Amino acid sequence: MVRPAPLPAPEMIGCTCKHLRMATRRLSQIYDRHLEPLGLTITQYSLLAQLGAFDGISIGALAEKLLMDPTTLTRNLRPLQRRGFVVTAADPRDKRSRCLHLTAKGRAARLDAQPVWARAQREIEQAFGRSDTAALHTTLRRLIERLSA
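None of the values given here were measured: they were computed from a predicted structure.

Novice: For this particular structure, what's the right way to read the overall build of the protein chain?
Specialist: The helix and strand tally for the protein chain stands at seven helices and two strands. When the helices and strands of the protein chain are listed from N to C terminus, the series reads α-α-α-α-α-β-β-α-α. Taking 149 residues into account, the globule formula puts the C-alpha radius of gyration at 15 Å, and the protein chain, at 19 Å, lies well above it. Across its three principal axes, the protein chain shows a C-alpha extent of roughly 65 × 40 × 30 Å. Counting only residues that meet the buried cut, the protein chain has 25% of its 149 residues in that class. Accessible surface computed for the protein chain: about 10,500 Å², of which carbon and sulfur atoms make up 58%. Taken together, the 24 basic and 13 acidic charged side chains of the protein chain have centroids lying 2 Å from each other.

Novice: What is the right way to look at unusual backbone geometry in this model?
Specialist: Negative phi values dominate among residues other than glycine, just as trans dominates among peptide bonds. Phi is positive for Leu67, which is not a glycine, with a value near 55 degrees. With respect to the secondary-structure elements, Leu67 resides in the loop between helix H4 (59-65) and helix H5 (70-82).

Novice: So what exactly am I meant to see when it comes to a nonpolar patch on the surface here?
Specialist: On the surface, Leu20, Phe128, Leu136, Leu140, Leu143 and Leu147 cluster together to form a nonpolar patch covering roughly 500 Å² of accessible area. Relative to the assigned elements, Phe128 resides in helix H6 (residues 104-128).

Novice: Would you mind showing me how to read the pairing of strand S1 (residues 86-91) here?
Specialist: Put simply, side chains in a regular strand alternate between the two faces of the sheet. As defined by bridge partners, S1 adjoins strand S2 (residues 94-102) across six bridges and the pair is classed as antiparallel. Opposite Asp91, over in S2, you have Asp94 as the bridge partner. Counted between consecutive antiparallel strands, the loop separating S1 from S2 contains two residues.

Thresholds applied
- The written sequence of each chain sets the order in which its residues are numbered from 1.
- Confidence filtering applies because this is a predicted model: local features only for residues at pLDDT of at least 70, side-chain atom pairs given and counted only at 80 or more, and all residues used for totals across whole chains, interfaces and linings.
- Only hydrogens and water are set aside; all other atoms, that is, all heavy atoms of the structure, feed into the side-chain values.
- Working definition: helices are DSSP H or I runs of at least four residues, strands are E runs of at least two. Numbering for both runs from the N terminus.
- Values of the radius of gyration come from C-alpha atoms, whereas the globule rule sets the reference at 2.2 Å times the count of residues to the power 0.38.
- Only protein chains enter the area calculation, which uses a 1.4 Å probe; residues under 20% of their type maximum are buried, those over 50% are exposed, and those in between are partly exposed.
- With residues, only the protein chains shown are counted as cover, and all accessible areas are computed by Shrake-Rupley using a 1.4 Å probe.
- We treat Lys and Arg as the positive residues and Asp and Glu as the negative residues; His and chain ends play no part in the count.
- Just so you know, the charge point we use is NZ for Lys, CZ for Arg, CG for Asp and CD for Glu.
- Like charges within 9 Å and nonpolar side chains (Val, Leu, Ile, Met, Phe, Trp, Tyr) within 5 Å are joined into patches, using only residues over 30% in relative accessible area that form no salt bridge.
- The salt bridge definition used is simple: a Lys or Arg side-chain nitrogen within 4 Å of an Asp or Glu carboxyl oxygen.
- A pair of strands is labelled paired if DSSP reports no fewer than 2 bridges between them.

Structure, rendered in structure tokens:
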């Protein structure tokens, strides 16, 4: 029996997803380390920030904005709801739909976490460089746009 030639190692293939996931994990670790004293993760802080900007948004609309599955978003919202940072209420225009709102406690948590998030952001910018960070943001926005078309 003739054995097929071995496939190249995954690193040799240049899998874009693998590299993005590894970078995302490393970045998340930095943000999480900074936010840990506040009892938040970067995912939770991001949700608080989004809800601060889009108060009253539906779960479906927020999931769409974040390119997330609504079930995953709901699972990520639960710890924030248990802590009293986020509440859901019936949409006044459509009683079947639920809207998300930050509570006063949630707004305070977001404000407390904002300078901590900024320190993590500065750490990343110092490690990667301000212009490279800006270029990365531009490239990632363009990638998301092109892949969404």
